[in-house]
Amino acid sequence: MTPDIDEPIHQDRLWSDGTWTARVINNDNDDGWAVAMYLAGEAEPALVGPWTMGRDKKNPKPLDTAAFNTLVKTAKEVIRRSEQQRHAELNKNVTVTVNGSRVRVLLAIVPDEEGATASLTALDEFDEALGRIPVPPSFKLTVDSAQAWVSSGYERPR
């Protein structure tokens, strides 16, 4: 719910720099206030958190430059951590030793609305590809499954 903003907005309950918008809202969970941080073009807020009451203990504290900058920094960190978590869910790797050689096996899942795909890749100690095959996105990469795949000569797992 971010307005299309070209000019900066600096209001008590709405602050925007064109990329980020902070909106102070009633906190539905209690009698207080919350602030929602929106990234331009996104319908959902990147961050929603409690907001401080003003001196009258009834209305919210007005937004200001320092608070806005802190909120932007926090929202960026939330997005970064979410992206890191998503990357870790989709990309796994284990290192195994087979016949005296260390081999790193990577599972990469590519999400897609019409059907995710996945692949296994084996790399030597110099990151040279030894083998690569498609696998189901549900494939469980473990030390045992990686060792079995490398030992089989990189044949498609059953």
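Our structure is the block above this text.
Here's a quick rundown of the structure. Remember, it's a predicted structure, so these values are computed and weren't measured experimentally. (Residues numbered from 1 in each chain as written. Predicted model: local features only at pLDDT ≥ 70, side-chain atom pairs only at ≥ 80, totals over all residues. Heavy atoms only, no water.)

## Structural notes on the packing of aromatic side chains
Next, step 1: Evaluated as defined, the whole model comprises two aromatic pairs.
Next, step 2: For the ring pair Trp15 and Phe68, a centre distance of 6.4 Å and an interplane angle of 35° mean the geometry is tilted. One end of the pair, Trp15, is in strand β2 (residues 14-16); the other, Phe68, is in helix α1 (residues 65-90), with 53 residues separating them in the sequence.
Next, step 3: Judged by centre distance (5.2 Å) and plane angle (80°), the ring pair of Trp149 and Tyr154 falls under edge-to-face.
Next, step 4: Given a relative accessible area of 21%, Tyr154 falls into the partly exposed group. (Phe/Tyr/Trp six-rings, centres within 6.5 Å; stacked < 30°, edge-to-face > 60°. Helix = DSSP H or I, 4+ residues; strand = E, 2+ residues; numbered from the N terminus. Buried < 20%, exposed > 50% of the residue type's maximum accessible area, 1.4 Å probe, protein only.)

## What about the pattern of salt bridges?
Next, step 1: Using the criterion set out here, one finds four salt bridges in the structure.
Next, step 2: Close ionic contact of Glu77 with Arg80 constitutes a salt bridge, the shortest N to O distance being 2.6 Å. Pair noted here: Glu77 and Arg80 are both in helix α1, with a separation of three residues, about one helical turn.
Next, step 3: With relative accessibility at 26%, the residue Glu77 sits in the partly exposed group.
Next, step 4: In this structure, Arg86 and Glu89 form a salt bridge, with 3.6 Å as the shortest nitrogen-oxygen distance. With Arg86 and Glu89 both in helix α1, this residue pair falls three residues apart, about one helical turn.
Next, step 5: What makes Arg86 partly exposed here is its relative accessible area of 41%.
Next, step 6: One network of salt bridges, with partners in common, ties together Glu77, Arg80 and Arg81. (Salt bridge = Lys/Arg side-chain N within 4 Å of Asp/Glu carboxyl O.)

## Describing the sheet that holds β2
Within a sheet, adjacent strands bond to each other through the backbone by hydrogen bonds, running parallel or antiparallel.
Next, step 1: Taking strand neighbours across the sheet as the criterion, the five strands line up as β1-β2-β3-β4-β5 in an open arrangement whose pairing is antiparallel. In the strand order of this sheet, the two ends are held by β1 (9-10) and β5 (47-51), each with one partner.
Next, step 2: Relative to strand β4 (residues 33-39), strand β3 (residues 20-26) runs antiparallel, the two being bridged by seven bridges. In the strand pairing of β4, Asn26 is matched with Trp33.
Next, step 3: Packed onto the sheet, α1 meets β2, β3, β4 and β5 and runs at close to 100° relative to β3. (Pairing = 2+ DSSP bridges. Contact = heavy atoms within 4.5 Å. Axes fitted to C-alpha atoms, helices over the stretch in contact; angles between N-to-C directions.)

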